[in-house]
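Below are the chains, spelled out letter by letter.
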Amino acid sequence: MAKINLGESDSALKRNAAILQMNIKRRGFLKGIFSSAVFALTVAPKLASAGSLLEDLNFDEFLQQHYKELSPADKTKIFARIEKQTKAKYHKDVTIKDPKALDNVHFAFCLDLSVCNGSRFCVEACVKENNQSRDPQIQYIRVVELDRGTLNLEKGTSHYTGTVPKEGKYYLPMQCNQCDNPPCVKVCPTEATWKEKDGIVVIDYNWCIGCRYCMAGCPYGARHFNFSEPKIPANEINPNQGYLSNRIRPVGVVEKCTFCLHRTREGQMPACLEACPTGARKFGNLLDPNSDVSKILKSKSVFVLKEELNTMPNFFYYFG
């Protein structure tokens with residue numbers, strides 16, 4: 001049996017707890033430690049005093065089954081609980097829904113770098129749509145300013161200021177590529193993240209243990225960790241929320257772009273596309289020969305980032 005050194009610091013204790021879960025099912029592990037008298041009398045108070053998740057712990061929530069194992073009745077109960085918690089915390093009525101992955105659909109993005117103007121309107125729209133923390137700040141989209149003629153991302157900057165577009169520069173937005181061969185999924189020790197049949201890589205936030213292996217595995221810097229309780233002004237919360245997408249995430253979990261699945265699986269476009277002032281973004285179903293993305297892949301010289309890694313991204317770039 002693995003041992004926990006109760007004399008260690010709070011940070012080391014939490015780190016070791018995550019490591020212990022690497023090769024076992026999260027739910028089984030947690031049931032074991034919560035039933036332990038030693039944990040109840042020693043570790044739990046220690047973590048609670050450190051301001052951990054145990055401070056507002058709901059045992060049903062913490063020990064609930066993996067998303068794939070939830071019944072319709074389970075989901076009804078869980079969604080109602082989240083709506084109630086959000087109302088109590090933010091004084092905001094929200095609706096949690098769970099749009100399913102679509103048949104005969106493989107979502108993809110295409111982005112015309114010749115017309116992207118670096119305005120970052122896409123970033124702002126994404127933050128608002130997906131209820132991303134304002135403090136500490138989390139942004140799923142990062143726009144890199146590069147010198148024309150180069151694709152060396154290390155020589156670009158995402159901290160540019162002033163009027164855009166600048167002479168001699170172009171702008172390359174980066175976000176989750178929804179890879180067909182996602183390394184982030186392979187390294188997750190609890191199967192908290194997986195790829196769905198319509199091409200979107202999702203996360204079950206209740207099964208994420210915050211080990212951040214997926215962040216290390218992603219070559220695109222697309223995943224983000226909540227180091228502290230996310231802060232979102234109540235009047236800016238988007239009430240239309242998806243369980244696997246833009247519901248407000250807790251501290252201690254990883255999150256990322258989901259191609260706005262709560263919108264796109266219901267026939268809408270991603271928020272970033274609607275906010276783009278130049279029409280640089282195109283989104284659609286690769287399996288539909290009449291979609292914008294299919295036509296672009298047939299008619300343009302497209303490329304993906306870090307193709308040599310064989311992640312097989314579904315985010316394509318081109319110069320119109």
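Keep in mind that this is a model prediction, so the values were computed, not measured.

**Focus: the overall build of the protein chain**
Part 1 of the reasoning: Counting its regular elements, the protein chain contains 11 helices and 11 strands.
Part 2 of the reasoning: When the 320 residues of the protein chain are sorted by exposure, 48% land in the buried category.
Part 3 of the reasoning: Of all intrachain contacts in the protein chain linking residues separated by at least 6 positions in sequence, the fraction that spans at least 24 positions is 66%.
Part 4 of the reasoning: With an accessible surface of roughly 15700 Å², the protein chain has 53% of that area assigned to carbon and sulfur atoms.

**Brief notes about the nonpolar core**
Part 1 of the reasoning: Ranked by internal contacts, the top residues of the largest apolar core, which has 52 residues, are Leu172, Tyr243, Phe259 and Tyr317.
Part 2 of the reasoning: Not counting chain neighbours up to four residues away, the residues in contact with Phe259 comprise Phe107, Ala108, Phe109, Gln175, Cys176, Gln178, Ile200, Thr264, Pro270, Phe283, Asn314 and Phe315.
Part 3 of the reasoning: In this structure, Ala192, Val201, Cys214 and Val253 belong to the second largest nonpolar core, which totals 12 residues.

**A closer look at the environment of Val143**
Part 1 of the reasoning: Tracing the sequence through the fold places Val143 in strand E3 (residues 142-147).
Part 2 of the reasoning: We classify Val143 as buried; its relative accessible area is 3%.
Part 3 of the reasoning: With 23 residues separating them along the chain, Val143 and Arg120 place their C-alpha atoms 6.8 Å apart.
Part 4 of the reasoning: Apart from residues lying up to four places away in sequence, Val143 is in contact with Gly118, Arg120, Cys122, Val123, Thr157, Ser158, Tyr160, Tyr171, Leu172 and Pro173.

**Let's talk about the pairing of strand E11 (residues 315-318)**
Part 1 of the reasoning: Residues Phe315 and Tyr317 line one face of E11 and the alternating positions Phe316 and Tyr318 line the opposite face, and both faces are buried.
Part 2 of the reasoning: Here strand E2 (residues 107-112) runs beside E11; their pairing, made up of four bridges, is parallel. By the bridge assignment for E11, Cys110 is matched with Phe316.

**What about the sheet that holds E11?**
Two modes of strand pairing occur in sheets, parallel and antiparallel, and in both the strands are linked by backbone hydrogen bonds.
Part 1 of the reasoning: Pairing is mixed in the open sheet, where three strands are placed in the order E10-E2-E11. Only two strands of the sheet have a single partner each, and these edge strands are strand E10 (281-285) and E11. Here the strands of the sheet are splayed against their neighbours by 20° on average, with no regard to which way each runs.
Part 2 of the reasoning: Lying over the sheet, helix H11 (residues 292-299) contacts E2, E10 and E11, oriented at roughly 110° with respect to E10.

**Brief notes about the environment of Trp207**
Part 1 of the reasoning: Structurally, Trp207 can be placed in the loop between strand E6 (201-203) and helix H8 (213-217).
Part 2 of the reasoning: Sequence separation between Trp207 and Thr190 is 17 residues; the distance between their C-alpha atoms is 6.9 Å.
Part 3 of the reasoning: Within the structure, the side chain of Trp207 is placed 3.0 Å from the backbone oxygen of Gln64, a separation counted as a polar contact.

**Remarks on the confidence of the model for the protein chain**
Part 1 of the reasoning: Of the residues in the protein chain, 81% reach a pLDDT of 70 or more, and the chain-wide mean stands at 87.
Part 2 of the reasoning: Note on residues 1-57: pLDDT is under 50 here. Beyond four places in sequence and across chains, it has 64 contacts.

**Observations concerning H11**
Part 1 of the reasoning: Those residues of H11 that sit buried are Val293, Ser294 and Ile296. Around the axis of H11, the buried residues are gathered within 165° of arc, so they sit on the same side. Counted as exposed and oriented over 90 degrees from the buried face of H11: Lys298 and Ser299.
Part 2 of the reasoning: Elements that come into contact with the buried residues of H11 comprise E2, E10 and E11.

**What about helix H5 (residues 72-90)?**
Part 1 of the reasoning: Compared with an ideal rise of 1.5 Å per residue, which puts 19 residues at 27 Å, H5 spans 27 Å between its outermost C-alpha atoms and is within 8% of the ideal.
Part 2 of the reasoning: Residues of H5 that are buried include every one of Lys75, Ile78, Phe79, Arg81, Ile82, Thr86 and Tyr90, and no others. Considered in projection along H5, the buried side chains sweep an arc of 160° and stay on one side of the axis. Away from its buried face, by an angle of more than 90 degrees, H5 presents the exposed residues Ala73, Thr76, Lys77, Lys84 and Ala88.
Part 3 of the reasoning: In the stretch just after H5, His91 is the one whose phi turns positive, near 55°.

**Regarding the side chain of Asn117**
Part 1 of the reasoning: Within the secondary structure, Asn117 sits in the loop between E2 and helix H6 (121-129).
Part 2 of the reasoning: Of note is the side chain of Asn117, whose polar atom sits 3.1 Å from the backbone nitrogen of Ser119.
Part 3 of the reasoning: Each residue touching Asn117, except ones within four places of it in the same chain, is listed here: Val164, Pro165, Tyr171, Pro277 and Thr278.

**As for the pairing of strand E4 (residues 169-174)**
Part 1 of the reasoning: Extensive coverage of E4 is indicated by the burial of five of its six residues.
Part 2 of the reasoning: Two elements, E3 and E4, share six bridges in a ladder whose sense is antiparallel. Residue pairing across strands places Leu146 opposite Tyr170, the latter belonging to E4.

**Here's the deal with the pattern of salt bridges**
Part 1 of the reasoning: With the rule as written, the count across this model stands at 16 salt bridges.
Part 2 of the reasoning: Note that Glu236 and Arg134 form a salt bridge whose closest N and O atoms lie 3.1 Å from each other. With Glu236 in the loop between strand E7 (224-225) and strand E8 (240-242) and Arg134 in the loop between H6 and E3, this pair connects stretches of sequence that are 102 residues apart.
Part 3 of the reasoning: Judged by relative accessible area, which is 37%, Glu236 ranks as partly exposed.
Part 4 of the reasoning: Taking the relative accessible area as the measure of exposure, Arg134 reaches 23% and is therefore partly exposed.
Part 5 of the reasoning: In this structure, Asp147 and Lys169 form a salt bridge, with 2.5 Å as the shortest nitrogen-oxygen distance. A residue pair is termed long-range when its members are at least 10 positions apart, and Asp147 in strand E3 and Lys169 in strand E4 qualify at 22 residues.
Part 6 of the reasoning: If you follow the salt bridges from partner to partner, you end up with Lys75, Asp98 and Lys100 in one network.

Rules of the game
- Residues numbered from 1 in each chain as written.
- Predicted model: local features only at pLDDT ≥ 70, side-chain atom pairs only at ≥ 80, totals over all residues.
- Heavy atoms only, no water.
- Helix = DSSP H or I, 4+ residues; strand = E, 2+ residues; numbered from the N terminus.
- Buried < 20%, exposed > 50% of the residue type's maximum accessible area, 1.4 Å probe, protein only.
- Contact = heavy atoms within 4.5 Å.
- Areas by Shrake-Rupley, 256 points an atom, 1.4 Å probe, with all protein chains shown as cover.
- Core = buried A, V, L, I, M, F, W, Y, C linked by side-chain atoms within 4.5 Å.
- Pairing = 2+ DSSP bridges.
- Axes fitted to C-alpha atoms, helices over the stretch in contact; angles between N-to-C directions.
- Polar contact = N/O pair within 3.5 Å; in protein donor to acceptor, adjacent residues only side chain to side chain.
- pLDDT = per-residue confidence, 0-100.
- Arc of directions from axis to C-beta.
- Expected span 1.5 Å × (residues − 1).
- Salt bridge = Lys/Arg side-chain N within 4 Å of Asp/Glu carboxyl O.

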